[in-house]
Amino acid sequence: MFEEFVERHCKSLPGARLADPFGPDMYVWTVAEKMFAAYTKGSTGVSIRARSAQEAQKMIQQGKAVSAPYLKSGGWVMVEWRNTSPHELRRYITQSYAQVRAELNPNQQASLPPFDAAQFKG
């Protein structure tokens, strides 16, 4: 159920693409080939990029996330399905997408469709 929810939401984000650089059971969502969300088939959550390493640590301390498997630096956390409402999940994924998109170079940003974060609020 959650995997389908993540897929539908990620597909709706402008310029988002599903990639499989790590094999068919790993779902990696990218914008301009930069990852913003990832999960494995049958996983317990989705890995997303927090706004900063400090925010990631705060999310972990508050019990909203755990350390992301295989992504130990750069502000990555895993938001677990069992602890996260659909509204929160949508917000975390959208924030991750916006964070990664904002870090793209100007040419990459200009090549993407327009993005209005307010349109994607839960």
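Residues numbered from 1 in each chain as written. Predicted model: local features only at pLDDT ≥ 70, side-chain atom pairs only at ≥ 80, totals over all residues. Heavy atoms only, no water.

K.L.:
Mind showing me how you'd approach the nonpolar core here?
P.N.:
A general trend in soluble globular proteins is that nonpolar side chains are found buried together. Ranked by size, the top nonpolar core spans 27 residues in total, and within it Val6, Phe36, Val46, Ile48, Leu89 and Ile93 carry the most contacts. For this core, the secondary structure elements donating two or more residues are helix 1 (2-12), strand 2 (26-31), strand 3 (34-40), strand 4 (45-49), helix 2 (53-61), strand 6 (76-80) and helix 3 (86-102). Among the elements that take part in this core, helix 3 stands out by supplying five residues, more than any other. Dropping the residues within four chain positions of it, Val6 is found in contact with Tyr39, Val46, Trp81, Leu89 and Ile93. (Core = buried A, V, L, I, M, F, W, Y, C linked by side-chain atoms within 4.5 Å. Buried < 20%, exposed > 50% of the residue type's maximum accessible area, 1.4 Å probe, protein only. Helix = DSSP H or I, 4+ residues; strand = E, 2+ residues; numbered from the N terminus. Contact = heavy atoms within 4.5 Å.)

K.L.:
Could you clarify how one ought to interpret the side chain of Arg101 in this entry?
P.N.:
For Arg101, the location among the structural elements is in helix 3. An unpaired buried charge is present at Arg101: no salt bridge exists, and Asp116, the closest side chain of opposite charge, is 11 Å distant. Polar side-chain contacts of Arg101 include one of 2.7 Å to the side chain of Tyr97. Residue contacts for Arg101: discarding those within four places in its chain leaves Pro14, Val31, Gln109, Leu112, Pro113, Pro114 and Phe115. (Lys, Arg positive; Asp, Glu negative; His and termini not counted. Salt bridge = Lys/Arg side-chain N within 4 Å of Asp/Glu carboxyl O. Polar contact = N/O pair within 3.5 Å; in protein donor to acceptor, adjacent residues only side chain to side chain.)

K.L.:
Honestly, the pairing of strand 3 in this entry has me stumped. Any pointers?
P.N.:
Residues in a regular strand point their side chains to alternate faces of the sheet. The pairing of strand 2 with strand 3 spans six bridges and is antiparallel. Residue pairing for strand 3: Met26 is matched across the bridge by Thr40. Linking strand 2 back to strand 3 in an antiparallel pair, the connection comprises two residues, with Ala32 at a positive phi of about 50°. Examined bridge by bridge, strand 3 and strand 4 share two bridges and lie antiparallel to one another. (Pairing = 2+ DSSP bridges.)

K.L.:
Explain the side chain of Ser96 to me, please; I cannot follow it from the model alone.
P.N.:
For Ser96, the position within the fold is in helix 3. Since its relative accessible area comes to 0%, Ser96 is described here as buried. Within the structure, the side chain of Ser96 is placed 2.9 Å from the backbone nitrogen of Arg49, a separation counted as a polar contact. Setting aside residues up to four positions removed in sequence, Ser96 forms contacts with Phe36, Ile48 and Arg49.

K.L.:
Looking at this structure, I do not really get the sheet that holds strand 1 (residues 16-19). What am I missing?
P.N.:
Pairing between the strands of a sheet is mediated by backbone hydrogen bonds and can be parallel or antiparallel. Within the open sheet, the six strands sit side by side as 1-2-3-4-6-5. Their pairing is antiparallel. Since the sheet does not close on itself, it has two edges, and those belong to strand 1 and strand 5 (66-67), each with one partner. Here helix 1 sits on the sheet and contacts strand 1, strand 2, strand 3 and strand 4; the angle it forms with strand 3, its principal contact strand, is near 165°. (Axes fitted to C-alpha atoms, helices over the stretch in contact; angles between N-to-C directions.)

That is the geometry; function is a separate question.
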